[in-house]
Structure formats: structure tokens, C-alpha cells
Amino acid sequence: MKKYIIILLSFCFILTANSELLAQKGKEKNKGKNKTEKIHKAKKDSLEKDVNERHKGQKEKALKKQDSSNKEMEKEGHAYGKNKGELKGKEFGQERARQAKMIREERSKALQETIKSKDEKIKEAKDKIKKSKEKLKASKDKGEISEKEFNEKKEKIEKAEKSVKALEEKIKKAKKLTEKEDTEE
């Protein structure tokens, strides 16, 4: 009988000890989980703050762009028909057409004048380039300058030629535009 009581008591002791140990292990697991959860929450919160700050910056930029585009749209247009003065309907339209033709003619005259002046500049530049090339060759033939100096000056002349060619192209385009306007009229 003593044996049975001892076995029974030891069995109860084992059961109670195991339940306490299991309960403590569970608490320790929860403590570890709580720590990791806190760390994850902190990281998540910091990431969310960073994302929100970035989005705020992007939203502000978008709003600024939208505001500027709205301002541009407000500036767009001349509202010619609002202040007609004494003119009405057809008379006002004819007056506006006459003004537009005058402005176009003035611009085309100004363009033709600039084309003429630029043509003269191109001719002068070509003459200067030609003279400088001849002078450079003569000085090299005489031995007045070294090969290095000759190459440097030659490069400068070539740059000048390129800029003159670019100007010529622009003038050709402008001439084509004026020719088109002349044929349209």
C-alpha cells in the first residue's frame, strides 16, 4: 500500500510539475514572440513613415505641377472678343483679320531683313576663313610655325567652318519658310 501511495503521489507530483513547466515554457515563448513582434512593428512603422514622407513629397510635386499647368491654362488665350469696343460681329472679325495680316507681314519683313544680314555675315566669315587658311599654309610652308601650332590653328578654322555651315542651314530653313508664305499669298 505504501508503494501505491508513493507511486500515486509521485505521479501527481510529476503531473503538476509538468503542467507548471509547460506553462512557464509557453510564457517564455510568448515573451520571445512579443519581442520579435515589437521589433517587427517598429520596423513596419518606420517603413510606413518613410513611405508616407516620400508620398507627401511626390504629392506636393504633383500639386505644384498641377497648379503651374492651371496657371498656364489661365494665361492661354488672348480674349480678343471680350473688349470689342464699338465694333460688332462681322466688323470686329474683319478688323482682327486685318491686324493679324499686318502682324504677319511685319514678321516676314523682319525675317527677310535678318536673312539678308546673316547672308552678309556668312560671306564675310567665309572670306575670313579662306584668308586664314591661305595664311596658315603659307606660314607652314615658310617654316614659321611648328606642326603642333599648325594643327591647333587648323582645328580652330574647322570649328569656325562648322559654325558657318550651321548658320547656313538655319538661313536655308528660314528662306524656305518665307518662300512658302510668298506662294501662299
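Values in this document were obtained by computation on a predicted structure and should not be read as measured data. (Residues numbered from 1 in each chain as written. Predicted model: local features only at pLDDT ≥ 70, side-chain atom pairs only at ≥ 80, totals over all residues. Heavy atoms only, no water.)

### What about helix H2 (residues 89-142)?
Taking 1.5 Å of rise per residue, the 54 residues of H2 would be expected to cover 80 Å, and the 79 Å separating its terminal C-alpha atoms lies within 8% of that figure. Of the residues making up H2, those classed as buried are Phe92, Ser108, Ile115, Ile122, Ile129, Leu136 and Ser139. Looking one or two places after H2, you find Gly143, whose phi comes out positive at around 85 degrees. (Helix = DSSP H or I, 4+ residues; strand = E, 2+ residues; numbered from the N terminus. Expected span 1.5 Å × (residues − 1). Buried < 20%, exposed > 50% of the residue type's maximum accessible area, 1.4 Å probe, protein only.)

### As for the confidence of the model for the protein chain
Should pLDDT be low for a region, the predicted coordinates there are not to be read in detail. In this model, the protein chain carries an average pLDDT of 78, and 77% of its residues clear a pLDDT of 70 or more. When mean pLDDT is taken per element in the protein chain, H2 scores highest with 89 and helix H1 (residues 2-75) scores lowest with 67. (pLDDT = per-residue confidence, 0-100.)

### Quick notes on the nonpolar core
If you look at the biggest cluster of nonpolar residues, it comprises ten residues: Ile115, Ile122, Ile129, Leu136, Ile145, Phe150, Ile157, Val164, Ile171 and Ala174. Looking at this core, the elements with two or more residues in it are H2 and helix H3 (147-184). Of the residues forming this core, the biggest block, five residues, is contributed by H3. If near-sequence neighbours (up to four positions away) are discounted, Ile157 is found in contact with Ile129, Ser132, Lys133 and Leu136. (Core = buried A, V, L, I, M, F, W, Y, C linked by side-chain atoms within 4.5 Å. Contact = heavy atoms within 4.5 Å.)

### A few points about the pattern of salt bridges
If the charged atoms of two oppositely charged side chains come close together, the side chains can form a pair. Summed over the entire model, instances satisfying the criterion amount to five salt bridges. For Glu161, the salt bridge is made with Lys133, and the minimal N-O distance between the two is 2.4 Å. Here Lys133 lies in helix H2 and Glu161 lies in helix H3, a separation of 28 residues in the sequence. Glu161 gets classed as partly exposed once you look at its relative accessible area, which sits at 22%. (Salt bridge = Lys/Arg side-chain N within 4 Å of Asp/Glu carboxyl O.)

### Comments concerning the side chain of Ser139
Counting through the fold element by element, Ser139 comes out in helix H2. Of the polar contacts made by the side chain of Ser139, one reaches the backbone oxygen of Leu136; its length is 2.9 Å. If sequence neighbours within four positions are ignored, Ser139 has contacts with Glu144 and Ile145. (Polar contact = N/O pair within 3.5 Å; in protein donor to acceptor, adjacent residues only side chain to side chain.)

### As for a positive patch on the surface
On the surface, a cluster of positive charge is contributed by Lys118, Lys121, Lys170, Lys172, Lys173, Lys176 and Lys180. At the level of secondary structure, the elements contributing two or more residues to the positive patch comprise H2 and H3. Looking at the element boundaries, Lys180 is found in helix H3. (Patch = residues over 30% accessible without salt bridge, like charges linked within 9 Å, V, L, I, M, F, W, Y side chains within 5 Å. Areas by Shrake-Rupley, 256 points an atom, 1.4 Å probe, with all protein chains shown as cover. Lys, Arg positive; Asp, Glu negative; His and termini not counted. Charge placed at Lys NZ, Arg CZ, Asp CG, Glu CD.)

### What to know about the packing of aromatic side chains
On inspection of all chains with the given rule, the structure shows zero aromatic pairs. Positioned above the aromatic ring of Phe150, the side-chain terminus of Lys140 is 4.3 Å from the ring centre. (Phe/Tyr/Trp six-rings, centres within 6.5 Å; stacked < 30°, edge-to-face > 60°. Lys NZ or Arg CZ within 6 Å of the ring centre and 35° of its normal.)

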